[in-house]
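Tertiary structure, described
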Amino acid sequence: MKRELMGLIVKREDGSEQVNYDDDTFPSYIYDGWIRPNVTWEKVPHFHEDVEIVTVKTGKMAYSVNGQIITLEPGDTIFVNSNQIHYSIALEETTTTYVIFIAHPSILNSSVAIELQALQPIINNPNLSYLRFRNLNENAKDLRRIMYSLPDLRRNPFQITKKFFDIWEIILTQGKSYGMIDESVETDVHSKAFKAMMYYIQQNYKDTVTLDDIAASGNISKSLCNKIFHKYVGDSPVNYLLNYRVRKVAEILRTTSLPLSEIAVLTGFNGTSYMSEMFKKIFEVSPRDYRKTWAQIDQSDS
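The rules we used
Residues numbered from 1 in each chain as written. Predicted model: local features only at pLDDT ≥ 70, side-chain atom pairs only at ≥ 80, totals over all residues. Heavy atoms only, no water. Pairing = 2+ DSSP bridges. Helix = DSSP H or I, 4+ residues; strand = E, 2+ residues; numbered from the N terminus. Axes fitted to C-alpha atoms, helices over the stretch in contact; angles between N-to-C directions. Buried < 20%, exposed > 50% of the residue type's maximum accessible area, 1.4 Å probe, protein only. Arc of directions from axis to C-beta. Contact = heavy atoms within 4.5 Å. Phe/Tyr/Trp six-rings, centres within 6.5 Å; stacked < 30°, edge-to-face > 60°. Lys NZ or Arg CZ within 6 Å of the ring centre and 35° of its normal. Salt bridge = Lys/Arg side-chain N within 4 Å of Asp/Glu carboxyl O.

Taken in spatial order, the 3 strands line up as 4-3-6 in an open sheet, and their pairing is antiparallel. Two strands bound the open sheet, and with one partner strand each, they are strand 4 (68–72) and strand 6 (86–90). Each strand axis lies, on average, 25° off the axis of its neighbour in the sheet, ignoring direction. Relative to strand 4, strand 3 (residues 61–65) runs antiparallel, the two being bridged by 5 bridges. Looking at strand 4, one finds that Tyr 63 is bridged to Ile 70.

So, in structure tokens, the structure goes:
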């Protein structure tokens, strides 16, 4: 794990998230996590080939998956399938705690038979973007028990693999009980367009970007562009761009000592004052105070 990237969602050139695995040689990430309003990992739309599983321990939160909001109570678990556009949402001012497990399906792919019988019916299933296991669900208890055990195993690939197989069996059982296991594969045009537009913004946020530019990158009209962004993130393309720029500011503040004027140029803002105004609007703290706070956290952890 790269400690300097903790709390940040870093994206590759294709727009997918570069998961900060616990071990560079084994594609899994396990963490006793937490969320509250305005942290850097809240409301950041992203996707990755890895599946993502979250079990809420205390408090209340939500996940957006392809534009659908799923509320999670204590004891609930959500499974987010591979390559789904998703993000976490804080629903309370107090801190919500959870266990998160992000893992690449290749961990389970020990043979062609397993890939065909167990992986593909889930991974390539257009009807299964997520599964929610409510606290009282018959499978929730076993899944919750496994999830709670994972943080103690995060450096043990063999044990993680065993647990991952157990989790996958529960997911298959739940999917079949809901009638969601289907081998047919369809193309979600809106999802593809949104991923293309996220990629364009990621590559060009430093420059002047208009709504016309964003829509053109997805090969769609401006009206459909607005509709798709509201579907997946509940906001306009222009506001998504602004939020992306502000979160890049937060990333640079945490990882460098660059002056604010230089950060403004690097993140596509027309000036330091406007950058600071937008930053405070989103994070409810000035860039300078944000940098001081995280510097103190780093010192206390060292």
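There's more to say after this.
Residues Ala 140, Leu 143, Arg 144, Ile 146 and Met 147 constitute the buried set of helix 2 (residues 140–149). Taken down its axis, helix 2 places every buried residue within 160° of arc, on the same side. The exposed residues of helix 2 that point more than 90 degrees off its buried face are Lys 141 and Arg 145. On its buried side, helix 2 packs onto strand 2 (51–58), strand 5 (77–80), strand 7 (96–103), strand 8 (130–133) and helix 3 (157–177).

It is worth spelling out the packing of aromatic side chains at this point. Considering all chains together, one arrives at 15 aromatic pairs under this definition. Between Phe 164 and Trp 168, the ring centres sit 5.8 Å apart and the planes meet at 90°, which makes this aromatic pair edge-to-face. With a gap of 4 residues between them, Phe 164 and Trp 168 both fall in helix 3, about one helical turn apart. Among the residues examined, Phe 164 registers a relative accessible area of 0% and is labelled buried. Centre to centre, the rings of Phe 269 and Tyr 274 are 5.8 Å apart; their planes meet at 65°, and the pair counts as edge-to-face. Through successive ring pairs, a cluster of aromatic residues spans Phe 79, Phe 101, Phe 164 and Trp 168. For the cation-ring pair, Lys 57 lies above Tyr 148, with the distance from its terminal atom to the ring centre recorded as 6.0 Å. Above the ring of Trp 294, the side-chain terminus of Arg 254 is found at 3.7 Å from the ring centroid.

Here we have 5 strands laid out as an open sheet, ordered 1-7-2-5-8, and antiparallel in their pairing. Where the open sheet ends on each side, the last strands, each with one partner, are strand 1 (28–35) and strand 8. For this sheet the average axis-to-axis angle between neighbouring strands, irrespective of direction, equals 15°. By the bridge criterion, 4 bridges tie strand 2 to strand 5 in an arrangement that is antiparallel. Bridged to Thr 55 within strand 5 is Thr 77. This element, helix 2, spans strand 2, strand 5, strand 7 and strand 8 of the sheet and lies at about 95° to strand 2.

Here the focus is the pattern of salt bridges. On inspection of all chains with the given rule, the structure shows 6 salt bridges. Residues Asp 32 and Lys 57 are paired through a salt bridge, measuring 3.3 Å at the closest nitrogen-oxygen approach. Of the two residues, Asp 32 sits in strand 1 while Lys 57 sits in strand 2, which places them 25 residues apart along the sequence. The residue Lys 60 makes a salt bridge to Glu 73 at a minimum N-O spacing of 3.7 Å. Taken together, the residues span a long stretch of sequence, with Lys 60 in the loop between strand 2 and strand 3 and Glu 73 in the loop between strand 4 and strand 5 at a distance of 13 residues. The class of Lys 60 is partly exposed, set by a relative accessible area of 28%.

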